[in-house]
Protein chains: 2
Amino acid sequence: MDDKNRVVRTAAAQMGPIARDEPRASAVARMIKLLEQAARDKVDLVVFPELTLTSFFPRWFMPDQSEVDAYFETEMPNAATAPLFARAHALGIAFSFGYAEICRHDGRLHHFNTSILVDGAGQIIDRYRKVHLPGHTNHELWRPFQHLEKRYFDPSPFGFQSVDLLGGKIGQAICNDRRWPETYRELALSGAEMALIGYNTPRHYPPAPEHDHLQDFHNHLSLQSGAYANGMWVIGVAKAGLEEGCDLIGGSAIVAPTGEIIAQARTLGDEIIVADCDLARCAEIRTNIFDFAQHRRPDAYKRIAGRTAHPD
Amino acid sequence: MDDKNRVVRTAAAQMGPIARDEPRASAVARMIKLLEQAARDKVDLVVFPELTLTSFFPRWFMPDQSEVDAYFETEMPNAATAPLFARAHALGIAFSFGYAEICRHDGRLHHFNTSILVDGAGQIIDRYRKVHLPGHTNHELWRPFQHLEKRYFDPSPFGFQSVDLLGGKIGQAICNDRRWPETYRELALSGAEMALIGYNTPRHYPPAPEHDHLQDFHNHLSLQSGAYANGMWVIGVAKAGLEEGCDLIGGSAIVAPTGEIIAQARTLGDEIIVADCDLARCAEIRTNIFDFAQHRRPDAYKRIAGRTAHPD
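Residues numbered from 1 in each chain as written. Chains lettered and ligands numbered in written order. Predicted model: local features only at pLDDT ≥ 70, side-chain atom pairs only at ≥ 80, totals over all residues. Heavy atoms only, no water.

Let us look at the interface of chain A and chain B. In this complex, chain A contributes 64 residues to the contact, which on the side of chain B involves 64 residues. For the pairing of chain A and chain B, the buried interface totals around 6100 Å² over both sides, and the portion due to carbon and sulfur atoms is 61%. The three residues of chain A that bury the most area against chain B are A:Trp180, A:Arg303 and A:His310, which together make up 11% of that side's buried surface. Scanning the region where chain A abuts chain B turns up six salt bridges. One salt bridge in this structure joins A:Glu182 and B:Arg296, with 2.7 Å as the shortest N-O distance. Remark: the boundary between chain A and chain B carries 34 residue pairs in polar contact (both at pLDDT 80 or more). Listed by contribution, the elements that provide at least two residues to the side of chain A that touches chain B are helix H5 (181-189), helix H6 (215-230), helix H7 (282-286), helix H8 (292-295) and helix H9 (302-306) of chain A. (Contact = heavy atoms within 4.5 Å. Buried area = accessible area lost by both parts, 1.4 Å probe. Salt bridge = Lys/Arg side-chain N within 4 Å of Asp/Glu carboxyl O. Polar contact = N/O pair within 3.5 Å; in protein donor to acceptor, adjacent residues only side chain to side chain. Helix = DSSP H or I, 4+ residues; strand = E, 2+ residues; numbered from the N terminus.)

For the rest of this paragraph, the subject is the relation of the copies chain A and chain B. At an RMSD of 0.0 Å, chain A and chain B line up after a rotation of 180 degrees and a shift of 0.0 Å along the axis. Between the two chains, the operation in question is that of a two-fold axis. Counting the interface residues of chain A, we find that 100% of their copies in chain B are interface residues as well, pointing to one common contact surface. (Least-squares fit on C-alpha atoms with pLDDT ≥ 70 in both.)

Once that is clear, we can look at the sheet that holds strand E12 (residues 253-255) of chain B. All names here are of chain B. Spatially, E6-E7-E8-E9-E12-E13 is the arrangement adopted by the six strands of the open sheet, whose pairing is mixed. The open sheet has two edge strands, strand E6 (162-165) and strand E13 (261-264), and neither has a second partner. The average angle at which neighbouring strand axes cross in this sheet is 20 degrees, direction not considered. Both strand E9 (residues 233-239) and E12 contribute to a ladder of three bridges, which runs antiparallel. Among the inter-strand pairings, Val234 is bridged to a residue of E12, identified as Val255. On top of the sheet, helix H5 (residues 181-189) reaches strand E7 (168-174), strand E8 (194-200) and E9; it is set at about 155 degrees to E7, its chief contact. (Pairing = 2+ DSSP bridges. Axes fitted to C-alpha atoms, helices over the stretch in contact; angles between N-to-C directions.)

Before going further, it helps to examine the packing of H5(A) against H6(A). All names here are of chain A. Packing of H5 against H6 brings their axes to within 9 Å, and their N-to-C directions diverge by 35 degrees. Every pair of crossing elements has a handedness; the one defined by H5 and H6 is right-handed. Here Tyr184, Arg185 and Ala188 of H5 lie close against H6, whose contacting residues are Ser222, Leu223, Gly226, Ala229 and Asn230. Looking at side-chain class alone, the contact of H5 with H6 contains four nonpolar, three polar and one charged residues. (Left-handed = near helix turned anticlockwise from the far one by under 90°. Nonpolar A, V, L, I, M, F, W, Y, C, P; charged D, E, K, R; others polar.)

Given below as structure tokens:
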């Protein structure tokens with residue numbers, strides 16, 4: 001662990017809703033506008049949400065696979081996103097964003113819910129695919145809207161990782177991943193000092209509507225506890241607002257390794273929040289109460305990697 | 001999972017400070033007084049803190065092992081605690097409390113930081129020994145007070161478990177265990193619907209005094225996130241107040257499976273808080289967002305049980 005300051009000036013670039021018929025070029029133009037705002041703040045890294053290029057399409061049942069595939073990208077960068085890559089490169093700013101990806105793996109095409117991390121020279125240095133896919137597989141007519149991530153996406157076979165960037169180690173996760181303590185622990189054990197996590201979270205959860213009023217609380221509880229228990233910066237970034245009749249929470253937040261929220265979005269629209277994230281501050285926690293080498297007890301954690309569910 | 005109500009009326013019995021020279025009989029008399037208050041509230045289960053019978057002795061370096069051993073119990077129940085067992089049995093109330101235990105295991109004497117769970121018939125049905133021992137091994141003169149749990153206690157070789165009680169599954173953990181997400185997950189995967197967690201937490205943390213003002217926040221963040229991410233009731237119970245010159249936080253709390261605190265102590269002294277904990281409410285979370293069988297990904301959690309620390 002390095003004791004000298006290693007400050008990464010970071011922007012969480014919250015996005016407002018994206019309409020079903022909004023072209024990617026429009027979403028990318030909004031991203032570039034936020035990027036340029038961040039540049040005026042001399043930011044090193046801009047973090048965009050999950051599925052930034054399109055509307056959150058798993059809310060619709062689409063029997064025709066070609067209609068589904070139209071929401072996916074088959075290469076990256078591509079014609080729609082090239083202007084974003086070019087502008088960020090010109091500004092020397094690193095960035096991450098989420099999108100739906102079709103790619104070949106193990107001899108067949110996979111559909112992933114993906115987030116990439118791009119360095120200041122425009123190179124993709126990390127591709128993360130979502131591990132925890134929420135929702136359901138089949139069309140459920142009783143729901144006011146669907147949540148078909150388990151239908152449209154393959155779960156990642158790659159797990160969690162982190163990469164070197166801006167003098168530190170950065171990892172990624174996506175949306176529902178942030179609710180699982182294992183996500184942050186795996187990232188921290190891979191070396192991550194900062195986790196970038198975009199999300200699209202409906203305020204209304206059809207299977208348990210009695211918890212709708214707790215969505216913002218659960219969002220921050222997850223981000224803050226993950227940061228604290230791992231002595232890690234966590235950048236949570238929403239796609240927010242009323243998107244195609246579906247209310248998405250905002251609350252984008254930059255969380256310090258102490259679990260404290262040090263910057264938080266005020267709107268449900270396109271908005272950047274900025275904070276100086278000193279990666280050296282991870283040591284405040286990691287060399288103390290959560291000194292893993294001193295205090296972790298992997299021998300007592302065998303059920304966690306060994307069994308899926310509660311006992312019968 | 002059972003859908004009908006399974007309400008366990010539960011009291012968190014916070015204790016104020018226990019002086020170094022306070023005899024066990026005095027601590028037990030205070031416990032009985034809280035037990036009888038709880039009985040008037042028709043409580044099923046009373047949860048006492050960690051090391052309830054004595055002062056928090058790991059704050060003192062004692063070169064003479066016989067002086068250390070005087071804080072330990074070699075049998076349970078014993079003469080000092082028999083009146084508590086008898087009174088609880090007469091009232092038909094289940095209870096748990098923590099104490100320092102010397103016992104034989106694997107052919108040698110072990111010193112454990114222990115918590116036991118006793119049913120309404122006075123039988124000890126669970127013995128939990130602390131897995132995550134915080135603090136340090138050697139006398140560190142720079143500290144205003146010591147935290148010698150690693151010196152005085154053996155780490156538990158037994159891990160986490162849960163037992164049947166009051167129509168549900170109950171597990172235990174102790175103090176520092178509550179900061180580790182693995183604790184709650186192991187308990188939940190063993191079937192626990194409620195975790196009983198006593199603690200002695202100094203407000204001042206000598207290695208990182210800049211976090212002293214965050215102690216209450218970190219306590220509740222840990223208890224609430226553990227409850228939410230596992231759809232589990234969590235009963236956090238402090239030994240609180242100014243004990244032998246050391247400020248201990250209070251904030252005893254009963255946390256619902258949604259992560260909401262539904263009862264919280266108001267003092268730093270002997271105090272009970274009571275709530276009706278419906279174990280059937282675990283299903284609100286466990287059959288939904290945290291349906292482990294549907295959504296956990298143990299194949300992606302290999303580092304958690306496989307490696308102790310951050311990579312070099």
